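# Structure assessment
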Amino acid sequence: MIDIYSVQIAALADYGVSRGLIAEADRTWAVNTLLAAMGLTEYEEPQTAGTAETSLEMILGLLTEFAVKRGLIQGDITSRDLFDTGLMGILTPRPSQVIGTFQEKYAQSPQAATDWYYRFSQDTDYIRRYRIARDVKWVAPTEYGDLDITINLSKPEKDPRAIAAAKAAPQSGYPKCQLCRENEGYAGRINHPARQNHRIIPVVIDGRDWFFQYSPYVYYNEHCIVFSAEHTPMKIDRSTFRKQLDFIRQFPHYFVGSNADLPIVGGSILSHDHFQGGRYTFAMERAPVERPVSFPGFDDVEAGIVRWPMSVIRLRCGDDKRLVELADKILLAWRGYTDEDAFILAETAGEPHNTITPIARMREGKFELDLVLRNNITTEEYPLGVYHPHQELHHIKKENIGLIEVMGLAVLPARLKGELTLLADALVQGEDLRAEETLGKHADWAEELKTRYSFTQENALDILKKEVGIVFAQVLEHAGVYKCTAEGRAAFLRFIETVK
């Protein structure tokens, strides 16, 4: 009788052939290399490997479970991910081959290159399709248009054993961070993800060496990361606008944006200069210009305030150099701008507060820049940030509002999937929402909803999802430095008038 693990090893090798990761001539080599990784020396070729019937998730799951039973690895999710990534690394072509294919496709068109590379990143399991599919997603109508809501389930939560092991593990400075180019092919460790199946594409933007890859957690279609070859801190300056516009010149079907460069309003990785981009239309891009404005000496640049809960200046011009000139003027003016009446302080005690989240795209054959004004000041009342989700919204969203949220896509914590289901049931049953902590955090919100809705088994969860979207719109309003009121717009125009 053929060993079940021979069947799975054959299936994995056949998967590699069918996806073009290895050639048919490489199959025997792949089988033997997989055997070695599994600690096996015996193998019998099955009559049919069954790749058509068996998913990649199942193949890797069975092989990883075998490794756990043999004592090759621990049973926690982190150890399993380290192991099965190593298996996929065996099937993943070398960087030079990947770069060569990308360049061949790019010669056809930029879109042909990214189409191939995105599919490749999924076929190698760097982007785990089966985990991404678990994310909960819906669209919520608000006064600012339809907002995208996601509950992120694709990023696995760490097992307590893995957390303990990570604390006990020797600390390493290699790679310096999870964005560094040295991650390509890295085997990983308990406190750093494996990347044997990771391949990056070199790009030159604004005369500098950068790299292009996809996010393993793809929050939206073709969610990519563009990062500097050097491990240098993020900084928003004139060169940021040049790099972004140069990137979309090379990939005009993508947008590219940057998190801000200050804590609270910045991204999770400020230590390595990078952008995020992709092929997706966010709600902010669909938002119209509410009020055209002009800047002295830039009559050739279309400009306006966007109808959006955050404070956005949109610039558009066929000449990217003119956009860079004006964007730099706006940035420098904003860095030093104080308006105490609007509670905009450029700095306190020497700490700077003003920065910009910039997003670039092509629209109707012209370059377009959205400049989102940010400020990270804190007070005793709002210790996490005045322009940050306020405490009454933390039951839904407490984390920083980065680039993705700024554009209108909520990335909400995994806990909410279960909590919303429990809350819907409790509202239908008329339970005491304050009886225990899980639902207690939502009690004030839910009790206000009860004054406006009659909850039934059929509608409760849909109502909660709709209202979560409205909460997210409020989150963005809190993060906006100028509110969408007559007073807020007047203050916004006061700033614009200072840009000379």
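Residues numbered from 1 in each chain as written. Predicted model: local features only at pLDDT ≥ 70, side-chain atom pairs only at ≥ 80, totals over all residues. Heavy atoms only, no water.

### Focus on the overall build of the chain
For the record, the criterion: Only DSSP runs of H or I covering at least 4 residues are called helices, and only runs of E covering at least 2 are called strands; the numbering of each starts at the N terminus. For this measure, only C-alpha atoms enter the radius of gyration; the expected value for a globule follows 2.2 Å times N^0.38, where N is the number of residues. The buried label goes to any residue with under 20% of its type's maximum accessible area, the exposed label to any with over 50%, and the partly exposed label to all in between, with areas taken from a 1.4 Å probe on protein chains only. Throughout, a contact is declared for two residues whenever any of their heavy atoms are within 4.5 Å. Shrake-Rupley sampling with a 1.4 Å probe provides the accessible areas, and residues are treated as covered by the protein chains on show and by no other component. The convention is simple: Lys and Arg are positive, Asp and Glu are negative, and His and the chain ends are not counted. Note on charges: their place is set at NZ of Lys, CZ of Arg, CG of Asp or CD of Glu.
The number of helices and strands found in the chain is 17 helices and 15 strands. Taken over C-alpha atoms, the radius of gyration comes to 25 Å for the chain, in line with the 23 Å a tight globule of 500 residues would show. Overall size of the chain, expressed as C-alpha extent along the three principal axes, is 80 × 60 × 45 Å. Taken across its 500 residues, the chain has 54% of its residues classed as buried. Residue pairs at least 24 apart in sequence account for 64% of intrachain contacts in the chain once pairs closer than 6 positions are excluded. Accessible surface, the chain: about 22000 Å² in total, of which carbon and sulfur atoms supply 50%. Taking the average location of the 56 positive side-chain charges in the chain and that of its 70 negative ones, the two points are 3 Å from each other.

### What about the packing of helix H13 (residues 415–429) against helix H16 (residues 460–479)?
The test is simple: Lines fitted to C-alpha atoms define the axes, with helix axes restricted to the stretch in contact, and inter-axis angles between N-to-C directions lie between 0 and 180 degrees. Oblique is the label for any angle not covered by the other classes, which are roughly parallel (under 35 degrees), roughly antiparallel (over 145) and roughly perpendicular (65 to 115). Two helices that cross are described as forming a left-handed crossing if the nearer one is turned anticlockwise from the farther one by less than a right angle, and a right-handed crossing if clockwise. Under the scheme applied here, ten amino acids are nonpolar (Ala, Val, Leu, Ile, Met, Phe, Trp, Tyr, Cys and Pro), four are charged (Asp, Glu, Lys and Arg), and all others, including Gly, are polar.
Where H13 meets H16, the closest approach of the two axes is 9 Å, and the angle between their N-to-C directions is 125°. Judged by the angle between their axes, H13 and H16 are oblique. Seen along the crossing, H13 lies across H16 with a hand that is right-handed. Side by side, H13 and H16 meet where Leu-420, Thr-421, Leu-423, Ala-424, Leu-427 and Val-428 of the first sit next to Ala-460, Leu-461, Leu-464 and Val-468 of the second. Split by residue class, the contact of H13 with H16 holds nine nonpolar, one polar and no charged.

### What to know about the pattern of salt bridges
Pairs can form between side chains of opposite charge whenever their charged atoms are close. Keep this limit in mind: Take a side-chain nitrogen of Lys or Arg and a carboxyl oxygen of Asp or Glu: if they are within 4 Å of each other, that pair is a salt bridge.
Within this structure, the stated rule accounts for 38 salt bridges. Note that Arg-361 and Asp-370 form a salt bridge whose closest N and O atoms lie 3.1 Å from each other. Here Arg-361 and Asp-370 have matching classes, each one buried. A single salt-bridge network, built from bridges that share partners, covers Glu-285, Arg-314, Arg-316, Arg-361, Arg-363, Glu-364, Glu-368 and Asp-370.

### Let's talk about the sheet that holds strand E1 (residues 136–142)
Paired through backbone hydrogen bonds, the strands of a sheet run either parallel or antiparallel to each other. Operational definition: Only strands that DSSP links by at least two bridges are regarded as paired with each other.
Read across the open sheet, the three strands follow the order E1-E2-E15; overall the sheet is mixed. Unpaired on one side and paired on the other, E1 and strand E15 (409–412) mark the two borders of the sheet. Across the sheet, the mean angle from the axis of one strand to that of its neighbour is 25°, orientation sign disregarded. Two strands pair when backbone bridges link them, and E1 and strand E2 (residues 145–151) are joined in this way by seven bridges, in the antiparallel orientation. In the strand pairing of E2, Lys-137 is matched with Thr-150. Most of the contacts of H13 go to E2, to which it runs at about 105°, and overall it touches E1, E2 and E15. Each of E1, E2 and E15 touches H16; the most contacted strand, E1, lies at about 70° to it.

### Description of the pairing of E1
For a regular strand, side-chain orientation follows a simple rule: the groups alternate between the two sheet faces. Burial along E1 is one-sided: the residues Val-136, Trp-138, Ala-140 and Thr-142 are buried and none of Lys-137, Val-139 and Pro-141 is. Taken together, E1 and the strand that follows it, E2, pair antiparallel across an intervening segment of two residues.

### Quick look at the packing of aromatic side chains
To keep it simple, the criterion reads: Working definition: rings of Phe, Tyr and Trp (its six-membered ring) pair if their centres are within 6.5 Å, and the pair is stacked with planes under 30 degrees apart, edge-to-face with planes over 60 apart, and tilted otherwise.
Evaluation of the coordinates by the stated rule reveals 30 aromatic pairs. With a centroid separation of 5.8 Å and an interplanar angle of 80°, the aromatic rings of Phe-102 and Tyr-117 are classed as edge-to-face. Of this pair, Phe-102 sits in helix H5 (residues 95–108) while Tyr-117 sits in helix H6 (residues 110–123), and the two are 15 residues apart along the sequence. Relative accessible area serves as the criterion here: at 4%, Phe-102 is assigned to the buried category. Overall, Tyr-117 belongs to the buried group, its relative accessible area being 1%. An angle of 25° between the planes, with centres 5.2 Å apart, marks the rings of Trp-116 and Phe-120 as stacked. Taken together, the residues Trp-116 and Phe-120, both in helix H6 and four residues apart, mark about one turn of the helix. A relative accessible area of 15% means that Trp-116 is categorised as buried. Pairwise contacts between aromatic rings join Phe-102, Tyr-106, Trp-116, Tyr-117, Tyr-118, Phe-120, Phe-212, Tyr-214, Phe-247, Phe-251 and Tyr-254 into one cluster.

### A closer look at helix H15 (residues 443–450)
Formally: Arc definition: directions from the helix axis to the C-beta atoms.
Within H15, burial applies to Ala-443, Trp-445, Ala-446 and Leu-449. Viewed end-on, H15 has its buried residues packed into an arc of 160°, placing them on one side of the element. Among the structural elements, H13, helix H14 (437–440) and H16 are those in contact with the buried residues of H15.

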